[in-house]
Amino acid sequence: GNSVTQMEGPVTLSEEAFLTINCTYTATGYPSLFWYVQYPGEGLQLLLKATKADDKGSNKGFEATYRKETTSFHLEKGSVQVSDSAVYFCALSDPNRDDKIIFGKGTRLHILP
Amino acid sequence: DSGVTQTPKHLITATGQRVTLRCSPRSGDLSVYWYQQSLDQGLQFLIHYYNGEERAKGNILERFSAQQFPDLHSELNLSSLELGDSALYFCASSESILAGSYEQYFGPGTRLTVT
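Notes on the structure follow. (Residues numbered from 1 in each chain as written. Chains lettered and ligands numbered in written order. Predicted model: local features only at pLDDT ≥ 70, side-chain atom pairs only at ≥ 80, totals over all residues. Heavy atoms only, no water.)

### Describing the interface of chain B and chain A
Phase 1: Counting residues at the interface gives 21 residues for chain B and 20 residues for chain A.
Phase 2: Of the roughly 1,700 Å² buried at the junction of chain B and chain A (both faces included), carbon and sulfur atoms supply 53%.
Phase 3: For the interface between chain B and chain A, the tally reads 0 salt bridges.
Phase 4: Linking chain B with chain A are 1 residue pair in polar contact (both at pLDDT 80 or more), by the criterion used here.
Phase 5: Contributions of two or more residues to the side of chain B that touches chain A are made by strand 4 (31-38), strand 5 (42-50) and strand 6 (53-57) of chain B. (Contact = heavy atoms within 4.5 Å. Buried area = accessible area lost by both parts, 1.4 Å probe. Salt bridge = Lys/Arg side-chain N within 4 Å of Asp/Glu carboxyl O. Polar contact = N/O pair within 3.5 Å; in protein donor to acceptor, adjacent residues only side chain to side chain. Helix = DSSP H or I, 4+ residues; strand = E, 2+ residues; numbered from the N terminus.)

What follows is the structure, given as structure tokens:
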């Protein structure tokens, strides 16, 4: 079945450092890929998404490129801020099925000032 | 603020009891999804309703049930509660029937503690 594997945290970085959170997936067909973010005490928010191979999703300085050849969707940001501290979830769904979004286990990110 | 509301925010109850969690979707959204978030299992999809009809089930126990009412709000009923049911329960809403086509907007969650 479909699944998502993302790097385990926590990840601790200093402010202005470069961020990469790895995500790989297993899926039949052509899933849509997402990154969601969960700030402390809140629900999840969609950060970015990509719906086909080589698409790049971007938002708030974060980027991720849909790589079908490596089945990856790594999240990157060039210069992180303290306010980026949160839990990040990689996820996928089959756009032609109405069932569910499958989430990775989440990666907790701590940014030190 | 996502526009999705969930009540109550916190719930503490004893094993064997039954509780009801409530979710009001964003105005105009017809789809409601329920998720369970726990430390060991991560974020698990439970069930999806679209315009009052059940569309898909995930890892939902038989002790759990849900429904979506004509005004589109949804309730998740958890019965014969066990300690392992302690978790954050989120609902999310979307304008589409397709999980991947449109953004899902998450509510703030209900934290259930079973003692």
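### Considerations on the packing of aromatic side chains
Residues and elements named next belong to chain A.
Phase 1: What the rule picks out here adds up to 13 aromatic pairs over all chains.
Phase 2: Between Tyr25 and Tyr66, the aromatic rings sit 6.1 Å apart at their centres with planes inclined by 80°, giving edge-to-face as the arrangement. With a gap of 41 residues between them, Tyr25 in strand 4 (residues 23-26) and Tyr66 in the loop between strand 8 (62-65) and strand 9 (75-77) connect regions that are remote in the sequence.
Phase 3: Judged by its relative accessible area of 5%, Tyr25 is buried.
Phase 4: A relative accessible area of 0% means that Tyr66 is categorised as buried. (Phe/Tyr/Trp six-rings, centres within 6.5 Å; stacked < 30°, edge-to-face > 60°. Buried < 20%, exposed > 50% of the residue type's maximum accessible area, 1.4 Å probe, protein only.)

### As for the state of the cysteines
Residues and elements named next belong to chain A.
Phase 1: This model, assessed by the stated rule, comprises 2 disulfides over all chains.
Phase 2: Between the sulfur of Cys23 and that of Cys90 lies a disulfide, 1.9 Å long from S to S. Disulfide Cys23-Cys90: torsion about the S-S bond near -70°, hence left-handed. Here Cys23 is found in strand 4, whereas its partner Cys90 is found in strand 10 (residues 86-93), with 67 residues between them in sequence. (Disulfide = S-S within 2.5 Å.)

### Quick word on the environment of B:Gly58
Residue and element names in this part refer to chain B.
Phase 1: Locating Gly58 in the fold gives a position in the loop between strand 6 and strand 7 (64-68).
Phase 2: Gly58 sits 16 residues away from Ser74 along the chain, and the two C-alpha atoms are 17 Å apart.
Phase 3: Setting aside residues no more than four positions away along its own chain, Gly58 makes contact with Phe45, Leu46 and Ile47.

### A short note on the pairing of strand 9 (residues 87-94) of chain B
All names here are of chain B.
Phase 1: Most of strand 9 is tucked away, with 8 of its 8 residues classed as buried.
Phase 2: Burial along strand 9 is two-sided: Ala87, Tyr89, Cys91 and Ser93 facing one way and Leu88, Phe90, Ala92 and Ser94 facing the other are all buried.
Phase 3: Direction of pairing for strand 4 relative to strand 9: antiparallel, over a ladder of 7 bridges. When the sheet's bridge partners are listed, Gln37 is paired in strand 9 with Leu88.
Phase 4: In this sheet, strand 11 (residues 110-114) lies alongside strand 9 in antiparallel orientation, the contact comprising 3 bridges. Directly across from Ala87, in strand 11, lies its bridge partner Leu112.
Phase 5: Here strand 9 runs beside strand 10 (residues 105-106); their pairing, made up of 2 bridges, is antiparallel. Within the sheet, the bridge partner assigned to Ala92 lies in strand 10 and is Phe106. (Pairing = 2+ DSSP bridges.)

### Considering the layout of surface pockets
One simple way to see leftover space: roll a probe sized like a water molecule over the atoms.
Phase 1: Here the largest pocket defines a volume of roughly 790 Å³.
Phase 2: Taken together, 27 residues make up the lining of the largest pocket; nearest its centre are A:Gln38, A:Arg108, B:Gln37, B:Leu39 and B:Leu88.
Phase 3: Breaking the lining of the largest pocket down by element, the ones donating at least two residues are strand 10 and strand 12 (107-112) of chain A together with strand 4, strand 9 and strand 11 of chain B.
Phase 4: Its residues assigned to classes, the lining of the largest pocket comprises 9 nonpolar, 11 polar and 7 charged. (1 Å grid on protein atoms, 1.4 Å probe; cavity = no way out; pocket = protein on both sides within 12 Å on 5 of 7 lines; lining within 4 Å. Points joined across faces, edges and corners; volume = space filled by probe spheres on them. Nonpolar A, V, L, I, M, F, W, Y, C, P; charged D, E, K, R; others polar.)

### Observations concerning the nonpolar core
Phase 1: Residues A:Trp35, A:Leu47, A:Leu48, A:Phe73, A:Leu75 and A:Tyr88 are the most contacted members of the largest nonpolar core, which totals 26 residues.
Phase 2: Secondary structure elements with two or more residues in this core: strand 2 (11-14), strand 3 (19-21), strand 4, strand 5 (32-38), strand 6 (44-50), strand 8, strand 10 and strand 12 of chain A.
Phase 3: Residue contributions to this core peak at 4 residues, all from strand 10 of chain A.
Phase 4: If you look at the next biggest cluster of nonpolar residues, it comprises 21 residues, including B:Leu11, B:Trp34, B:Ala87 and B:Val114. (Core = buried A, V, L, I, M, F, W, Y, C linked by side-chain atoms within 4.5 Å.)

Remember that the coordinates give geometry; whether it matters functionally is a separate question.
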